[in-house]
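Listed here are the chains, written in short residue letters.
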Amino acid sequence: GAVVSQHPSRVICKSGTSVKIECRSLDFQATTMFWYRQFPKQSLMLMATSNEGSKATYEQGVEKDKFLINHASLTLSTLTVTSAHPEDSSFYICSQGPGQGETQYFGPGTRLLVL
Amino acid sequence: AQKVTQAQTEISVVEKEDVTLDCVYETRDTTYYLFWYKQPPSGELVFLIRRNSFDEQNEISGRYSWNFQKSTSSFNFTITASQVVDSAVYFCALYSSGSARQLTFGSGTQLTVLP
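Since this is a predicted model, take the numbers as computed values, not measurements. (Residues numbered from 1 in each chain as written. Chains lettered and ligands numbered in written order. Predicted model: local features only at pLDDT ≥ 70, side-chain atom pairs only at ≥ 80, totals over all residues. Heavy atoms only, no water.)

> Would you explain the overall build of chain A in this entry?
Broken down by element type, chain A carries 0 helices and 11 strands. When the helices and strands of chain A are read in sequence order from the N terminus, they spell out β-β-β-β-β-β-β-β-β-β-β. Counting only C-alpha atoms, chain A reaches 40 × 30 × 25 Å along its principal axes. Burial statistics for chain A: of 115 residues in total, 50% are counted as buried. Within chain A, contacts between residues at least 6 apart in sequence are counted, and of these 52% link residues at least 24 apart. Here chain A has roughly 5,700 Å² of accessible surface; of this, 51% comes from carbon and sulfur atoms. Looking at chain A, you have 10 positive and 9 negative side-chain charges, and the mean spots of the two groups are 8 Å apart. (Helix = DSSP H or I, 4+ residues; strand = E, 2+ residues; numbered from the N terminus. Buried < 20%, exposed > 50% of the residue type's maximum accessible area, 1.4 Å probe, protein only. Contact = heavy atoms within 4.5 Å. Areas by Shrake-Rupley, 256 points an atom, 1.4 Å probe, with all protein chains shown as cover. Lys, Arg positive; Asp, Glu negative; His and termini not counted. Charge placed at Lys NZ, Arg CZ, Asp CG, Glu CD.)

Right under this line is the structure:
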């Protein structure tokens, strides 16, 4: 399957600061990448679809001004959590795809803790 | 609307036992894909299998096997002779080529294999 990396793997920040998470497709040019959020002991929730060279598509209830997504190249999508608050603490995971048979391959995830 | 139900929240088995994880799905589309992903404690989602709606053949891969039955809208996953390393959360997911066009996850099943 495809290889996706995320950086950082873990980040702790103070409330009110912004945090940028990078998602890289290492072996595939991804015109589309997806961002998910997962709270403890819960399933993955799609936040937005990142499209290379155009605006991201956000799911209902996700604030686009708070979660800024940039997909400037075929191998890199970034998610910036602006003015982070403790309730933004979560596991953020990106995926590349869809590939063959609509398969998505996921990055290792980023654990965000906002103090 | 599409939906995936994993009724088993947590399962515990003793090593070497067989275990089946249930997955029931709902979709109005005739073309769709079903997936199983494994999420170990590290958090990364590992792709296990993909099945399209036109292929009801069951599949076996080592100790893993999958039973796809369209008549009951189920896509169950069996691990034979379970091992401690199988301990993880397992997610069933559905992608429909129709209006949804996104990966819908079940709530996940936490499998614990005891030595």
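> It is not clear to me how the interface of chain B and chain A should be interpreted in this structure. Could you clarify?
The accessible area lost on association of the parts is a frequent measure of interface size. Each partner contributes to the interface: chain B provides 18 residues, whereas chain A provides 19 residues. Interface of chain B and chain A: buried area, both sides summed, is about 1,500 Å²; carbon and sulfur atoms make up 54% of it. For the pair chain B and chain A, the interface holds 0 salt bridges. Run the count over chain B and chain A and you get 5 residue pairs in polar contact (both at pLDDT 80 or more). Where the side of chain B that touches chain A is concerned, the elements lending two or more residues are β5 (32–39), β6 (46–52), β10 (88–96) and β11 (103–105) of chain B. Here the element with the most residues in the side of chain B that touches chain A is β5 of chain B; it accounts for 4 residues. (Buried area = accessible area lost by both parts, 1.4 Å probe. Salt bridge = Lys/Arg side-chain N within 4 Å of Asp/Glu carboxyl O. Polar contact = N/O pair within 3.5 Å; in protein donor to acceptor, adjacent residues only side chain to side chain.)

> Honestly, unusual backbone geometry in this entry has me stumped. Any pointers?
One can expect most non-glycine residues to show negative phi and most peptide bonds to be in trans. Cis geometry marks the peptide bond from His-7 of chain A to Pro-8 of chain A; its omega dihedral reads 0 degrees. Within the element layout of this structure, Pro-8 of chain A appears in the loop between β1 (4–7) and β2 (10–13). Although it is not a glycine, Ser-83 of chain A adopts a positive phi angle of roughly 45 degrees. Tracing the sequence through the fold places Ser-83 of chain A in the loop between β8 (76–81) and β9 (90–96). A relative accessible area of 33% means that Ser-83 of chain A is categorised as partly exposed. Positioned with a positive phi, Lys-16 of chain B is a non-glycine residue whose angle comes to about 85 degrees. Along the polypeptide, Lys-16 of chain B turns up in the loop between β2 (10–14) and β3 (19–21).

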